[in-house]
Each structure stands twice: as structure tokens, then as C-alpha cells.
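Results of the structural survey
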There are 2 protein chains.
Amino acid sequence: MGNKEIQEQRMRGYFIQATKEILKGEGLKSISVRNIADRAGYSYATLYNYFKDVRDLIFECVVDFQEECETFVISETEKTPAGIEKIKSIAKAYVKYFIQYPGTFELFFLEKINDVANKQPTLKLISNFLDRLSNNDWEYCIDTKVMNKEDAKVKMNTLNFTLVGMLLLYINRRQPETYKEFSEEIENQINSILEVK
Amino acid sequence: MGNKEIQEQRMRGYFIQATKEILKGEGLKSISVRNIADRAGYSYATLYNYFKDVRDLIFECVVDFQEECETFVISETEKTPAGIEKIKSIAKAYVKYFIQYPGTFELFFLEKINDVANKQPTLKLISNFLDRLSNNDWEYCIDTKVMNKEDAKVKMNTLNFTLVGMLLLYINRRQPETYKEFSEEIENQINSILEVK
DNA sequence: TTTATTTAATTAACGCTGTTAATATATTGA
DNA sequence: TCAATATATTAACAGCGTTAATTAAATAAA
């Protein structure tokens, strides 16, 4: 990688870092080209030398946040034994991360996309994120005959969709009204979905 | 109701009608104060004589769309016998409505809200919508001992959250990529959640 | 019916937004 | 050091939601 590429990547990094800080702090509503550039220490137009548009820049943060979330989930669940219990722990940590940083949830699931064709890989990354985090333990359940392959596949999806749905309603619709209620319902849902009959 | 109130309600109706048309047609992205006012046949500033702000106006459409959706669901499911089968039919029709009019899904679940305290009733209405549509049949299942009260409550929520999550990913994240895949997964999820053990 | 007063609708304006063109400033190669 | 290139900045545009000032319409009083 030549000097030019190094410098270019560094510049991109400054803008990405600024964007991540705003998303984690004030959330998506505070994102604007001028706000990002201010924080990065450049003029707003400079941004366009390194990113096609602001949405492109915003979606660059997905991978970084996923890595951060993955690290968090691993550290929160390392003591839990493999299998169903581990899947439950992962699910709870996953939810906990988005509750702690609602801006990342907005980025992953709510932010509109301009060029859908161009972002398909990122969109796939988002939809399958929980699956990637918990895949090992689903496999473990199948291997230990706790459940069959077909059931595992459907339940993995149910868990994913349910958590996303609950997070959407809680973060974007304030339903339920208290975190306590939300937390209890998360517990109920996870237990019910992973109940082995 | 005096003349003044009648006229005021009529004016509000013109703007609401225009907003509904745009939402059903082009979706949330095409909503703007000037666009709504144009369609209603008034200047953009006139809108503020009848609504506090544009979000207030937008959320006025929720009740109307829910009524329309309810009518659709009833007509699509009238031949299905009460109980689990009916709940499945209702769930499918519910999803079908939002797929047909993605703008209504955006309004119900994605549109940001200014004054959350002031909109709590509407937000509750949205979160509990599927429950209201299917409540009779859950009761029926409990009465006919197909399931107990606690299971019914949790499953009702699982179904609600799962459908919202799937719709979010499909409408806002294009996952899965084809309607066929989406449709099959909806079928799988509904059957799995409502499976009686 | 004409005039004065109140009500409602419109235009102009403000401060935002994302993006692009034109300009100014560094940086590089000769 | 000077010319050429690359990069950063300012100015500008068209759009947004909202409000203040202004015009037009409807009502009440004379």
C-alpha cells in the first residue's frame, strides 16, 4: 500500500471515527455532514473526497460496531456453558448492547439506504449477525441431539426476528414503557422460544 | 358541533386525506409539508393552522390505516374457522397488508416521534394492533383447552414481535432478497410459533 | 349597503439539510 | 524556484420544517 493509500485510509478513518462517536452518543438524529466534519476537524465538503455520500460513510460503521458488539457478547457470555444456556446468554447480551447504544440499533435496522444493490453485503451482515454470534451453540445443540436441524433453523430465526421486533418497539415506539417490563418480556420470549419439548 | 368546528374538521380531513394518499402511494420518503399541502390544494403554511406540526398530522393517519387493515384482515379470514387456524390466517393477512402498503408499515413502526408523551395512546394502539385483531381467537384457544393462558400470552407476543421483525428486515433491509423466500419464512415462523405440543 | 373588525390563507424569510461547482491552499515533480 | 497536480475550503443551490409578516376573505356593526 503506497503513501497515497495510507493517507486516504487515515482520512477515511477520521470521518468514520467521528461518525461512530456521534452515533454512540447522540444517535442518528444528530448525524449531519457538517456535524461529522466538525468533529473530524475538516470542512463538510472534504468528506466528499473520501465518501460517495453521507449514507455510504454511515454504513461504513456497521462492521466496527459489529466487532465491538461481538467482543461485548463474548465477554458477557464466556462463563456460560455451550448449548441452549449459551444461546440465551448471547441473546441477552446482544439485546443489552443495543439498549446501551440505541444509535447502533438505528444504524443497523432503521437508517434508510440509498443504493440497496451496492449495500447488499452489509445488509446481509446485519440480518445474520445474531446467527453468526450463536451459530456454534446451535450446532452444538444439533450435535448433542437436543434438537434437530430443521427445528434449530426455524428457532434461530424466531429468536432473531423476535429480538429485533422487541427492540424496534422499545427503542422506536417506547413499548413497553419501562425497561423493567421490557427486560422481563425479553426473558420470557427467550425462554419460550428455546424451550425444549 | 358548530359551523366552525365542522369546517375545521373538514380542513383537517383534506390534509389527512392527502397525507394518506402519499403514504400509500410513494411512501414516507415522499412526505413533505409542501407536498401534502399541494395535494390538499392549499399553501404549506395553512397546514399549521390545523396541525401542531407535520408529525402530528402524519400520526393522525394511524387510526384510519388500522381500520382499513382490520377490514382487509376480516375479509381475508372470514371463512377460516376460529382458533389456531384463524390466528394463522389473521397473521398472514396482517403481513400481506403491510407488504401491499409498505408506507403504512413505515408510519406504524419506523417514523420518528417528536413528542412521545403526547403520542403514548397511538403508540400503544400500534404495538397491540395484532393482539386486538386476533384476541378473540386466542381466547377461543384458551377456552377450548388448546393452550393455557400463560402460553397463549407469550406466544401472542412472540407472533407479534416476529412478524414485526421480519417485516422490518424485509421492507427496510431487503432481507431476504425475494418475496418468495420471505413468504415461505413467514409461513414457517407462523407454523412453528403456533405449533401445539 | 358600506365600513370596520376579525379570521383565515398566502408569501417571505430563517435556519437547517445534503450535495456540487468554483476557488483557494498545500503538495509534488522538474 | 517554478509549474503542475492534488487536496481542502468557501459559496451556492435546492430541498426541508417552521414562523412572522402580509394579504385576502368572511363576519359584525353602523
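Our structure's up above, just so we're on the same page.
Figured I'd write up the structure that's included with this text. In this numbering scheme, every chain counts its residues from 1 along its sequence in written order. For naming, the first written chain is A and the first written ligand is 1, with later ones following in the order written. Reporting in this predicted model follows two pLDDT cut-offs: at least 70 for local features of residues, and 80 or more for side-chain atom pairs to be given and counted; totals over whole chains, interfaces and linings ignore these cut-offs and use all residues. Excluded from the side-chain calculation are hydrogens and water; included are all heavy atoms of the structure.

Another point: the overall build of chain A. Only DSSP runs of H or I covering at least 4 residues are called helices, and only runs of E covering at least 2 are called strands; the numbering of each starts at the N terminus. The secondary structure content of chain A amounts to nine helices and zero strands. When the helices and strands of chain A are read in sequence order from the N terminus, they spell out α-α-α-α-α-α-α-α-α. Projected onto the principal axes, the alpha-carbon positions of chain A cover approximately 60 × 45 × 35 Å. Counting all 197 residues of chain A, 52% fall into the buried class. Look at the contacts in chain A between residues 6 or more apart in sequence, and 67% of them connect residues 24 or more apart. We get accessible surface area from the Shrake-Rupley algorithm with a probe of 1.4 Å; when it comes to residues, only the shown protein chains can shield them. As displayed, chain A has an accessible area near 9600 Å², and 48% of this comes from carbon and sulfur atoms. Positive: Lys, Arg. Negative: Asp, Glu. His and the chain ends are not part of the count. A charge is said to be at NZ when it belongs to Lys, at CZ for Arg, at CG for Asp and at CD for Glu. If the 27 positive side-chain charges of chain A are averaged to one point and the 30 negative ones to another, these points end up 2 Å apart. The buried label applies to any residue whose accessible area, calculated with a 1.4 Å probe on protein chains only, is under 20% of its type's maximum; exposed applies above 50%, and partly exposed to all values in between. Residues are treated as being in contact if the distance between any of their heavy atoms lies within 4.5 Å.

Before going further, it helps to examine the protein's contact with DNA strand D. Being near a molecule or strand, for a residue, means having at least one of its heavy atoms within 4 Å of it. Taken together, the neighbourhood of DNA strand D is formed by 19 residues, with Ser 43, Thr 46 and Tyr 50 of chain A together with Arg 34 and Tyr 48 of chain B sitting nearest. Across the atoms of DNA strand D situated within 4 Å of the protein, the share located in sugar and phosphate is 55%. Think of a polar contact as two N or O atoms within 3.5 Å of one another; within protein, one of them needs to be a possible hydrogen donor and the other a possible acceptor, and neighboring residues in sequence only count if both atoms come from side chains. Side-chain polar atom of Tyr 50 of chain A to a phosphate oxygen of DNA strand D: 2.5 Å apart, as the coordinates give it. Val 54 of chain B places a main-chain nitrogen or oxygen 3.0 Å from a phosphate oxygen of DNA strand D.

The next thing to look at is helix H9 (residues 179–193) of chain A. Multiply 1.5 Å by the residue count of a helix minus one, and that product is the helix's expected span. Along its 15 residues, H9 of chain A runs 21 Å from first to last C-alpha, staying within 8% of the 21 Å computed at 1.5 Å per residue. Restricting attention to buried positions, one finds in H9 of chain A the residues Phe 182, Glu 185, Ile 186, Gln 189, Ile 190, Ser 192 and Ile 193 of chain A. Angular distribution of buried residues about the axis of H9 of chain A spans 165°; they occupy a single face of the element. Tucked into the core, H9 of chain A has its buried residues touching helix H4 (84–100) and helix H8 (149–173) of chain A together with helix H8 (149–173) of chain B. In this description, one arc is meant: the one made by directions from the helix axis to the C-beta atoms.

Residues in close proximity to DNA strand C total 19 residues, the closest being Val 33 and Tyr 48 of chain A together with Ser 43, Thr 46 and Tyr 50 of chain B. Looking at DNA strand C alone, sugar and phosphate atoms form 52% of those within 4 Å of the protein. Here a phosphate oxygen of DNA strand C and a backbone polar atom of Val 54 of chain A are 3.1 Å apart. Those elements that place two or more of their residues in the surface near DNA strand C are helix H2 (33–40) of chain A together with helix H1 (3–25) of chain B. Partitioned by chemical class, the residues of the surface near DNA strand C number eleven nonpolar, four polar and four charged. Each residue gets one of three labels, nonpolar for Ala, Val, Leu, Ile, Met, Phe, Trp, Tyr, Cys and Pro, charged for Asp, Glu, Lys and Arg, and polar for the others, Gly among them.

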